[in-house]
Amino acid sequence: MQAVVLVGGQGTRLRPLTDSRPKPMMSMVDRPFVAHQIDHLVRAGVRDVIFSCGYRPDALESHFGDGRAFGVKLRYVVDPEPLGTAGAVKNAEEYIDADRFLVLNGDILTDLDLHAMLAQHQATGAVGTIALTPVEDPSAFGLVRLHDDNSVEEFLEKPSADELRPGEPYRINAGTYLMERSALEFIPAGQKVSIERETFPKITATGGLFGFPSESYWRDIGTPASYLDANVDVLAGVVVTESPTPGPYLGAGVSSGSGRIAVDACVGDATQVAADASISRSVVGARVRVGQGAQIRGALIGDDVVIEPGASVLEGAVIGDGAVIGAGCEVGDSAIPTGAVVQPDGRVLAAS
Ligand code: GTP
């Protein structure tokens, strides 16, 4: 079995952190996020992986190389311009030689049972099978409605209350697909095509698209809040990964003196945490300096950030690489650009 992993998006919702790295290279505890997807594939016996890249492919290639060190054969294709989620699969066609293949969105943390999904895919004779995850409120998502045999009845994008049927299960696209090679014929070449909006409806019209309802752990890491939650879940061992649990996670060379680092925190390599500083429920990058008495709680902090003594970086804060948070400042639910300086009086100066 082969897998195409879509890793080409811009990750705009995670800016400014994705100014300096593509979303799949954002850390998730002790490794880049997409390394967890490779681990998941390896656990399921998949050894042939294609990264379909767009934005900043070099960062992926320089870390993963030919994949050997990660237990896979890894190849790369790069969109000439953003091709969308189906165009990016079509772009990988030259490397897809198996009869069927997996497609993974590069921003989903899951321990979905890929063997059970394959068993259903084979039993139904599907052209495509979409993993589905339950949600309580489907109004912000695309609801996937199934017939009794799990074939897809329809997609309802952001359904309103009157479109919902009483008692029906609310299931959404979980971003993991199994496809027959013939599914590629539904995707025009060299164009921007959305798999959700264009390709799946076409396959549904032939009766060949099925859903695979799953209750496995599932989280889209695309927003600051969900990215933070995913890190905390990995630390707590709520999802099967190869990362060390329980937390906290401390990278190589972290010095923490008498600073307090809670079980739900990740701290990157060579970060220095001064006496009486505290870090909880946060992801702190590499080479950060956290000054005496500073507090970090519910925040995402990039690499090479300086948090001066007595500063507080609190719930919802996203601090770009190289920023400086001045002594005694408080930063709450906001994004501080890469290299910006928050002065002690709270004024924000852009990077010089
Ligand atoms: P936002 O800009 O924050 O919405 O993030 P995103 O650009 O990653 O978009 P989205 O979350 O919709 O993408 C879902 C998955 O498909 C992610 O893993 C993206 O990396 C990937 N993806 C989205 N668009 C493209 C594309 O045009 N080309 C490639 N190769 N991958 C894509």
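Here, every reference points to the structure presented above.
Before going into details, it helps to say that this report is about the structure given with it. Predicted, not measured: the structure shown is a model, and the values here were computed from it. (Residues numbered from 1 in each chain as written. Predicted model: local features only at pLDDT ≥ 70, side-chain atom pairs only at ≥ 80, totals over all residues. Heavy atoms only, no water.)

## A word on the packing of aromatic side chains
Condition: By convention, a stacked pair of Phe, Tyr or Trp rings (six-membered ring in the case of Trp) has centres within 6.5 Å and planes under 30 degrees apart, an edge-to-face pair has planes over 60 apart, and any other such pair is tilted. To qualify as a helix, a DSSP run of H or I must reach at least 4 residues; to qualify as a strand, a run of E must reach at least 2; elements of each kind are numbered from the N terminus. Accessibility here uses a 1.4 Å probe with only protein chains present; expressed as a share of the type maximum, an area under 20% marks a residue as buried, one over 50% as exposed, and anything in between as partly exposed.
All told, the structure shown has 5 aromatic pairs when counted by the stated rule. Pairing Phe 51 with Phe 64 gives two aromatic rings, centres 5.7 Å apart and planes at 90 degrees, and the pair type is edge-to-face. Here Phe 51 is found in strand E4 (residues 48-53), whereas its partner Phe 64 is found in helix H3 (residues 57-64), with 13 residues between them in sequence. Here the two residues Phe 51 and Phe 64 agree in accessibility, since each one is buried.

## Points about the pattern of salt bridges
Using the following cut-off: Salt bridge, as applied in this entry: a Lys or Arg side-chain nitrogen positioned within 4 Å of an Asp or Glu carboxyl oxygen.
Following the criterion strictly, the structure yields 21 salt bridges and no others. The partner of Asp 229 in a salt bridge is Arg 219, with the nearest N and O atoms 3.6 Å apart. Taken together, the residues span a long stretch of sequence, with Asp 229 in helix H7 (residues 224-236) and Arg 219 in strand E13 (residues 218-220) at a distance of 10 residues. Residue classification places Arg 219 among the partly exposed positions, given a relative accessible area of 24%. In this structure, Arg 297 and Glu 315 form a salt bridge, with 3.4 Å as the shortest nitrogen-oxygen distance. Placement of the pair is Arg 297 in strand E21 (residues 295-297) and Glu 315 in the loop between strand E24 (312-313) and strand E25 (318-319), with a sequence separation of 18 residues. The exposure class assigned to Glu 315 is partly exposed, which follows from its relative accessible area of 43%. Each member of the salt-bridge network shares a partner with another, and the members are Arg 21, Arg 287, Asp 303, Asp 304 and Asp 321.

## So, helix H2 (residues 33-43)
By the criterion of burial, H2 is predominantly enclosed, with 9 of the 11 residues buried. Residues Phe 33, Val 34, Ala 35, His 36, Gln 37, Ile 38, Asp 39, His 40 and Leu 41 constitute the buried set of H2. Just past H2, the residue Gly 45 takes up positive phi, approximately 90 degrees.

## Digging into the nonpolar core
Condition: Residues grouped as a nonpolar core are buried Ala, Val, Leu, Ile, Met, Phe, Trp, Tyr and Cys residues, joined through side-chain atoms within 4.5 Å. We call two residues contacting when some pair of their heavy atoms lies within 4.5 Å.
Among the nonpolar cores identified, the biggest contains 28 residues, and Val 5, Leu 41, Phe 51, Leu 60, Phe 64 and Leu 102 are the most heavily contacted of them. For this core, the element with the highest residue contribution is H2, accounting for 4 residues. Beyond its immediate sequence surroundings of up to four residues, Leu 102 is in contact with Met 1, Gln 2, Ala 3, Val 4, Leu 41, Val 46, Leu 114, Thr 176, Tyr 177 and Leu 178.

## Some details on the site of the ligand
To be explicit about the condition: Proximity is defined per residue: any heavy atom of the residue falling within 4 Å of a molecule or strand makes that residue near it. Each polar contact in these results corresponds to two N or O atoms within 3.5 Å; when the atoms are within protein, one needs to be able to donate a hydrogen and the other to accept it, and residues that are neighboring in sequence are counted only if both atoms are side-chain atoms. Here, Shrake-Rupley sampling with a 1.4 Å probe gives the accessible areas, and only protein chains in the shown set may cover a residue. Asp, Glu, Lys and Arg are counted as charged, while Ala, Val, Leu, Ile, Met, Phe, Trp, Tyr, Cys and Pro are counted as nonpolar; the rest, among them Gly, fall into the polar class.
Surveying the vicinity of the ligand reveals 20 residues, the closest of which are Gly 9, Thr 12, Asp 79, Gly 84 and Gly 106. For the ligand, a nitrogen atom lies 2.6 Å from a polar atom in the side chain of Asp 79. Look at the ligand: alone it shows 620 Å² of surface, and the protein chains cover 81% of it. Taken together, the elements giving at least two residues each to the shell around the ligand come down to E4 and helix H4 (84-90). Looking at the shell around the ligand element by element, the count peaks at 3 residues for H4. For the shell around the ligand, a count of residues per class yields 6 nonpolar, 10 polar and 4 charged.

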